[in-house]
Amino acid sequence: MKKDTSKNIEQKRLTPAMEDYLEAIFNLDKEKRVVRVKDIAKALAVKMPTVTNMLKTLSKRKLIDYEKYEYIELTKKGNRIGKEINRRHHVLRSFLVDILKVDPKKADEEACEMEHAVSPSTLDRIVDFMEFLQFCPRTGSGWLENFDEYRKHGQDPEKCATMMKEFSNEFKCAIEIKKDEGGFDGAQRS
Ligand code: MN
């Protein structure tokens, strides 16, 4: 069977809603043996006819197998997308909760919005940055400059330690100067 005729429809960009469905089916598929329309409706808090409509669209795009009607299976391509959206969701959620300390419930909702906008390569950078924060925790103006190097060459604990020491000394000096000038307290606030 030739696929050329339906190629255009398959290659059109997916909408956030489509991606959410694929993610939900991917997750349900991991939890249960068979995924039914009502499971998806429950997971996404939508009505069954809404699900049925979307499933038709996804089926046309060859992202799910929906011929049997009874239960829904992702095609290889659908599975790949569902898995990727799921990965983005977890990375973004973790970034919001663990780094930015956003309330977990809010983070979950926001991750679900952001996951459709962010590209895989940017997401990889976020993952790297989260690691960087853990392996090279420091502050100071030169710190972020090392992120690029970290991405290219990976962890270098010794370098991190040296930089940390250097920064700590700089910081101590800065505190001393501030103290002489009348202290940190309230100086920068407006
Ligand atoms: Mn989403």
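To be clear, the structure that these remarks concern was listed above.
Residues numbered from 1 in each chain as written. Predicted model: local features only at pLDDT ≥ 70, side-chain atom pairs only at ≥ 80, totals over all residues. Heavy atoms only, no water.

### Overview of the overall build of the chain
Logical step 1: Of the regular secondary structure elements, the chain holds nine helices and two strands.
Logical step 2: Ordered by position from N to C terminus, the α and β elements of the chain give α-α-α-α-β-β-α-α-α-α-α.
Logical step 3: Expressed as a percentage of its 190 residues, the buried residues of the chain come to 34%.
Logical step 4: Long-range contacts, defined here as pairs at least 24 residues apart, represent 51% of the contacts in the chain between residues at least 6 apart.
Logical step 5: Entry remark: accessible area of the chain is about 13200 Å², with carbon and sulfur atoms responsible for 53%. (Helix = DSSP H or I, 4+ residues; strand = E, 2+ residues; numbered from the N terminus. Buried < 20%, exposed > 50% of the residue type's maximum accessible area, 1.4 Å probe, protein only. Contact = heavy atoms within 4.5 Å. Areas by Shrake-Rupley, 256 points an atom, 1.4 Å probe, with all protein chains shown as cover.)

### Topic: the packing of helix α2 (residues 16-31) against helix α5 (residues 76-99)
Logical step 1: Where α2 contacts α5, the axes come no closer than 8 Å and their chain directions differ by 95°. Comparing the axis directions of α2 and α5 gives the class roughly perpendicular. Side by side, α2 and α5 meet where E19, L22, E23, F26, N27 and K30 of the first sit next to G78, N79, I81, G82, K83, I85, N86 and H89 of the second.
Logical step 2: Classifying every residue of the contact of α2 with α5 gives four nonpolar, six polar and four charged. (Axes fitted to C-alpha atoms, helices over the stretch in contact; angles between N-to-C directions. Parallel < 35°, antiparallel > 145°, perpendicular 65-115°, else oblique. Nonpolar A, V, L, I, M, F, W, Y, C, P; charged D, E, K, R; others polar.)

### Examining the nonpolar core
The tendency in soluble globular proteins is for nonpolar side chains to be buried side by side.
Logical step 1: Grouped together as the largest cluster of nonpolar side chains are 22 residues, with contacts concentrated most on L22, I25, I40, L55, L58, I64 and I72.
Logical step 2: Among the secondary structure elements, those contributing two or more residues to this core are α2, α3 (37-44), α4 (48-60) and α5.
Logical step 3: With six residues, α2 is the largest single contributor of residues to this core.
Logical step 4: Once residues lying within four places of it in the same chain are set aside, the contact partners of I64 are L22, I25, L55, L58, S59, I72, E73, L74 and T75.
Logical step 5: Grouped together as the second largest cluster of nonpolar side chains are 15 residues, L92, M130, C136 and F147 included. (Core = buried A, V, L, I, M, F, W, Y, C linked by side-chain atoms within 4.5 Å.)

### Let's talk about the coordination of the manganese ion
Logical step 1: Looking at the metal site, the manganese ion is ligated by D20 (OD), C112 (O), C112 (SG), E115 (OE) and H116 (NE2), spaced 2.0 to 2.4 Å from it.
Logical step 2: Read from N- to C-terminus, the donor residues coordinating the manganese ion fall into the pattern D-x91-C-x2-E-H. In this pair, D20 sits in helix α2 while H116 sits in the loop between α6 (104-114) and α7 (120-135), placing the two residues 96 residues apart along the sequence.
Logical step 3: With a relative accessible area of 18%, D20 lands in the buried category. (Donors = N, O, S within 2.8 Å, 3.2 Å for Na, K, Ca; no water.)

### Examining the packing of α2 against α4
Packed helices, taken two at a time, are described by the angle their axes make and the gap between the axes.
Logical step 1: Closest axis-to-axis distance for the α2/α4 pair is 11 Å, and the angle between their directions is 95°. What the angle tells us is that α2 and α4 run roughly perpendicular. Across from A17, M18, Y21, L22 and I25 in α2, the residues of α4 making contact are T50, V51, M54, L55, T57 and L58.

### Quick look at the pattern of salt bridges
Logical step 1: Considering all chains together, one arrives at eight salt bridges under this definition.
Logical step 2: R87 is the partner of E84 in a salt bridge, and the nearest nitrogen-oxygen pair spans 3.1 Å. Here R87 and E84 lie together in helix α5, a separation of three residues that amounts to about one turn.
Logical step 3: Take R87: its relative accessible area is 31%, and that puts it in the partly exposed class.
Logical step 4: A salt bridge links E110 to K106; the nearest nitrogen and oxygen atoms lie 3.7 Å apart. With E110 and K106 both in helix α6, this residue pair falls four residues apart, about one helical turn. (Salt bridge = Lys/Arg side-chain N within 4 Å of Asp/Glu carboxyl O.)

### Some thoughts on the environment of D148
Logical step 1: Turning to its location among the elements, D148 is positioned in helix α8 (residues 145-153).
Logical step 2: Taking the C-alpha atoms as reference, D148 lies 9.9 Å from D128; in sequence the two are 20 residues apart.

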